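Residue-level listing of the chains:
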Amino acid sequence: MLTNEVARLADAPSGVLKVCSYIALGLIGCSIALVILYDFLAGPSRRRSR
């Protein structure tokens, strides 16, 4: 949302707004993938330490 709003405030053309939306979706997907990867890799060691 931040990437889209900054482009709107800068009065960017519609093509730039579309690219910013795709970048935001990519960042969301990357963060979800990293959380899943962290849970998969660190899961067993977190469970043993308790």
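Remember, predicted model here, so these are calculated numbers, not experimental data.

The rules behind the values
Residues numbered from 1 in each chain as written. Predicted model: local features only at pLDDT ≥ 70, side-chain atom pairs only at ≥ 80, totals over all residues. Heavy atoms only, no water. Helix = DSSP H or I, 4+ residues; strand = E, 2+ residues; numbered from the N terminus. Buried < 20%, exposed > 50% of the residue type's maximum accessible area, 1.4 Å probe, protein only. Areas by Shrake-Rupley, 256 points an atom, 1.4 Å probe, with all protein chains shown as cover. Patch = residues over 30% accessible without salt bridge, like charges linked within 9 Å, V, L, I, M, F, W, Y side chains within 5 Å. Salt bridge = Lys/Arg side-chain N within 4 Å of Asp/Glu carboxyl O.

Enquirer: Let's hear about the overall build of the chain: which residues, and what values?
Expert: Scanning the chain for helices and strands turns up two helices and zero strands. A buried classification covers 14% of the 50 residues belonging to the chain. Roughly 4400 Å² of accessible area belongs to the chain as shown, and the carbon and sulfur atoms make up 70% of that amount.

Enquirer: So what's going on with a nonpolar patch on the surface? Which residues, and what values?
Expert: Side chains of Tyr22, Leu25, Ile28, Ile32 and Ile36 sit close together on the surface and give an oily, nonpolar patch of about 560 Å² of accessible area. One can find Leu25 in helix α2 (residues 14-48). Classification of Leu25 as exposed rests on a relative accessible area of 57%.

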